[in-house]
Amino acid sequence: MQTSLWGIATKAKQNKNYRFGNLYGLINKDALYQAWEDINKKSASGVDKETASEFERNLDKNIEELVEELKSKRYKAKLVKRVYIPKGNGKTRPLGLPTLRDKIVQKAVANVLEAIYEQDFLKCSYGYRPNVGPQKAVKDITKELGGTYSYVVEADIRNFFGNIDHKWLIRMLELRIKDKAFLGLIKKWLKAGILDTDGKVINPITGCPQGSIVSPILANIYLHYALDLWFEKVVKPAFKGEAYICRLADDCAPRRRVQVA
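Here the structure is a predicted model, which means the values were calculated and not measured.

(A) Up close: the packing of helix α8 (residues 166-174) against helix α9 (residues 180-191). Between α8 and α9, the shortest axis-to-axis distance is 11 Å and the interhelical angle comes to 160 degrees. In terms of orientation, α8 lies roughly antiparallel with respect to α9. Every pair of crossing elements has a handedness; the one defined by α8 and α9 is right-handed. Packed against α8, whose contacting residues are H166, L169, I170, L173 and E174, the element α9 presents L183, I186, K187, L190 and K191 at the interface.

(B) The pattern of salt bridges, seen in detail. Inspection of every chain in the model, using the stated rule, returns 9 salt bridges. The salt bridge involving E118 is made with R129; its shortest N-O contact spans 2.9 Å. Remark: R129 occurs in the loop between α5 (100-117) and α6 (134-144) and E118 occurs in the loop between α5 and α6; sequence separation between them is 11 residues. As far as the burial class goes, E118 and R129 line up, both buried. Among the ionic pairs, D228 bridges to R247, the shortest N-O distance being 2.7 Å. Here D228, found in helix α10 (residues 215-238), pairs with R247, found in strand β7 (residues 242-248); they are 19 residues apart in sequence, far enough to count as distant. Here the two residues D228 and R247 agree in accessibility, since each one is buried.

(C) Looking closely at the packing of aromatic side chains. Inspection of the entire model under this criterion finds 7 aromatic pairs. For the ring pair Y75 and W189, a centre distance of 6.5 Å and an interplane angle of 80 degrees mean the geometry is edge-to-face. In this pair, Y75 sits in the loop between α4 (59-71) and β1 (80-88) while W189 sits in helix α9, placing the two residues 114 residues apart along the sequence. In terms of burial, Y75 and W189 fall into one category: buried.

About the cut-offs
Residues numbered from 1 in each chain as written. Predicted model: local features only at pLDDT ≥ 70, side-chain atom pairs only at ≥ 80, totals over all residues. Heavy atoms only, no water. Axes fitted to C-alpha atoms, helices over the stretch in contact; angles between N-to-C directions. Helix = DSSP H or I, 4+ residues; strand = E, 2+ residues; numbered from the N terminus. Parallel < 35°, antiparallel > 145°, perpendicular 65-115°, else oblique. Left-handed = near helix turned anticlockwise from the far one by under 90°. Contact = heavy atoms within 4.5 Å. Salt bridge = Lys/Arg side-chain N within 4 Å of Asp/Glu carboxyl O. Buried < 20%, exposed > 50% of the residue type's maximum accessible area, 1.4 Å probe, protein only. Phe/Tyr/Trp six-rings, centres within 6.5 Å; stacked < 30°, edge-to-face > 60°.

Right, dumping it as structure tokens:
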């Protein structure tokens, strides 16, 4: 972790109510080079068809261009290319493919968000996070099921990524972030037009495209406030017995244990 991100993570952990400013300035040359190292170079290209190998031929120049666009506030999010992948039962799942340059900036922003929110996320959250995932979720939930539960509910939020409310997401982010320029980057990606397979451009009013590098952390932040904290602060106190939730991205499995006299 970069020194600046380590400092942010430490501050976020020490003060759960601290609101961070001056984050936009962290999306600098070092952050963009690190983001370039982090992204998947083999992933499909966006609407401009620029590949990682092409970008790398003039890596220093291209990074400098991105830095200048960000410094001068000339950076604009490009259209997101939509593709459809098989989902099963004859259905398909829409994916959004940003351009390579947008991926790099998104990754740099995602790294900052991760430094802050990894200090806030609850243990019940397993998806899209470092050092946790499906295997740990299965292990923990198997251990938890050793107790006596009266009800087990499996839930999947229908079209979650497509229905994320932009205004609520920004309000949630503002609880921890007061840097308007930094939040402005996120708003650009939320509002970026989507180029569909039929050539039409869709201007979204809700949602985060699946396939976007910044979407997973934004999705976790949204569900942290909308689901995880709600379960902890509202649902659990309402039960006489114990209650437990395990969430993997937008899939969750709440359980209620009845108190035995």
